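# Fold and contact review
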Amino acid sequence: MNKAPVGVFDSGLGGLSVMKAIRSLMPNEDLLYFADCVYAPYGDRSSQYIIERSESITRELLLRGVKALVVACNTATATAVNDLRAKFSLPIIGIEPAVKPAAAASKTRAIGVLATTRTLTSERYRDLVKRYAQDSIKVVSVPCPGLMECVEAGAWESPHTLSLIHKYLEPIRRANADQIVLGCTHYPFLTKQIQALAPAGITIIDPSLAVAKELRHRLSLIDGLNETDHEGSERFLISGEAENHRSVVELLWNRPVQLESIRD
């Protein structure tokens with residue numbers, strides 16, 4: 001159990017932001033990442049579709065012996081994590097927009113959330129806002145179609161990407177929000193661009209480290225941490241033709257990687 005890999009999946013490559021936090025916190029763990037690029041993005045898919053894909057990916061990772069699963073996708077977490085926990089017995093850690101810390105930290109009593117349409121319209125997200133923001137905090141929820149695709153293409157500095165960011169920040173600017181929650185795992189790769197275009201002094205919150213800490217905690221509860229001197233490895237599974245994504249994966253991971261195509 002201790003030496004088994006940790007599985008991480010996302011609809012595309014954005015979950016690498018979460019995997020980077022896991023690697024930083026747990027250098028001994030072997031990590032197995034599944035990018036469902038053929039079927040991305042999930043943001044505008046039906047709930048049933050997202051659940052079916054999430055189950056299929058979980059089974060694929062279980063066949064490869066993972067000891068825990070991180071759903072490094074806000075949309076899949078909001079839509080499918082309860083279903084996954086009901087059907088599979090391994091520890092499953094999801095990710096959700098960091099509304100709670102943003103609301104607690106806000107001095108202007110207004111926060112912005114950048115996320116996919118599916119995440120923002122989910123019952124899980126509505127419950128999150130109700131629990132932690134209630135009536136005392138204004139939550140400006142901004143759907144960001146197209147932004148994930150900019151990250152997947154490695155086009156971080158393109159005029160189109162910067163134009164989208166500027167547009168999506170406008171309602172947050174008008175609300176005088178002092179916190180921006182990154183509600184999609186692709187968006188941390190655009191932190192520099194978002195910070196440059198956002199109002200001065202605004203705080204950007206990325207929940208990746210919190211997810212990594214929760215994974216470490218959950219593994220410790222089952223004596224599942226790899227506490228040897230083993231240097232952790234990474235493998236990357238990609239639905240469709242993996243080589244088509246090599247340049248962007250290596251850009252995001254910042255080193256050469258081992259890729260494997262998954263066709264189903």
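Residues numbered from 1 in each chain as written. Predicted model: local features only at pLDDT ≥ 70, side-chain atom pairs only at ≥ 80, totals over all residues. Heavy atoms only, no water.

### Remarks on the pattern of salt bridges
Just so we agree on the cut-off: Just to be clear on terms, a salt bridge is a Lys or Arg side-chain nitrogen sitting within 4 Å of an Asp or Glu carboxyl oxygen. Runs of E in the DSSP output that reach at least two residues are strands. Runs of H or I that reach at least four are helices, and both are numbered from the N terminus. Relative accessibility decides the category of a residue: with a 1.4 Å probe and only protein chains considered, values under 20% of the type maximum give buried, values over 50% give exposed, and everything between is partly exposed.
Considering all chains together, one arrives at 16 salt bridges under this definition. Here Glu96 and Arg124 are joined by a salt bridge, their closest N and O atoms 3.6 Å apart. Separated by 28 residues along the polypeptide, Glu96 in the loop between strand E4 (92–93) and helix H4 (99–105) and Arg124 in helix H6 (residues 123–132) bring together distant segments of the chain. For Glu96, a relative accessible area of 31% gives the class partly exposed. Judged by its relative accessible area of 26%, Arg124 falls in the partly exposed class. Salt bridges sharing partners connect three or more residues here, namely Glu55, Arg59, Asp83 and Lys87.

### As for the packing of helix H2 (residues 47–63) against helix H3 (residues 74–87)
As a reminder, the rule being used: Axes here mean lines fitted to C-alpha atoms, for a helix over just the part in contact, with angles spanning 0 to 180 degrees between N-to-C directions. Note that the term roughly parallel is reserved for angles under 35 degrees, roughly antiparallel for angles over 145, roughly perpendicular for angles of 65 to 115, and oblique for everything else. Crossings are sorted by hand: turned counterclockwise from the far helix by less than a right angle, the near helix makes the crossing left-handed, and turned clockwise it makes it right-handed. Every residue pair with non-hydrogen atoms within 4.5 Å of one another is taken to be in contact. Residue type decides the class: Asp, Glu, Lys and Arg count as charged, Ala, Val, Leu, Ile, Met, Phe, Trp, Tyr, Cys and Pro as nonpolar, and the leftover types, Gly among them, as polar.
Two numbers describe how H2 lies on H3: the axes approach to 9 Å, and their chain directions differ by 55 degrees. In this view, H2 runs oblique relative to H3, as classed from their interaxial angle. The two elements H2 and H3 meet at a crossing, and its hand is right-handed. Note on element contacts: H3 touches H2 through Thr75, Ala76, Thr79, Ala80, Asp83, Leu84 and Lys87, opposite Ser47, Ile50, Ile51, Ser54, Glu55 and Thr58. Per-class residue counts for the contact of H2 with H3 are five nonpolar, five polar and three charged.

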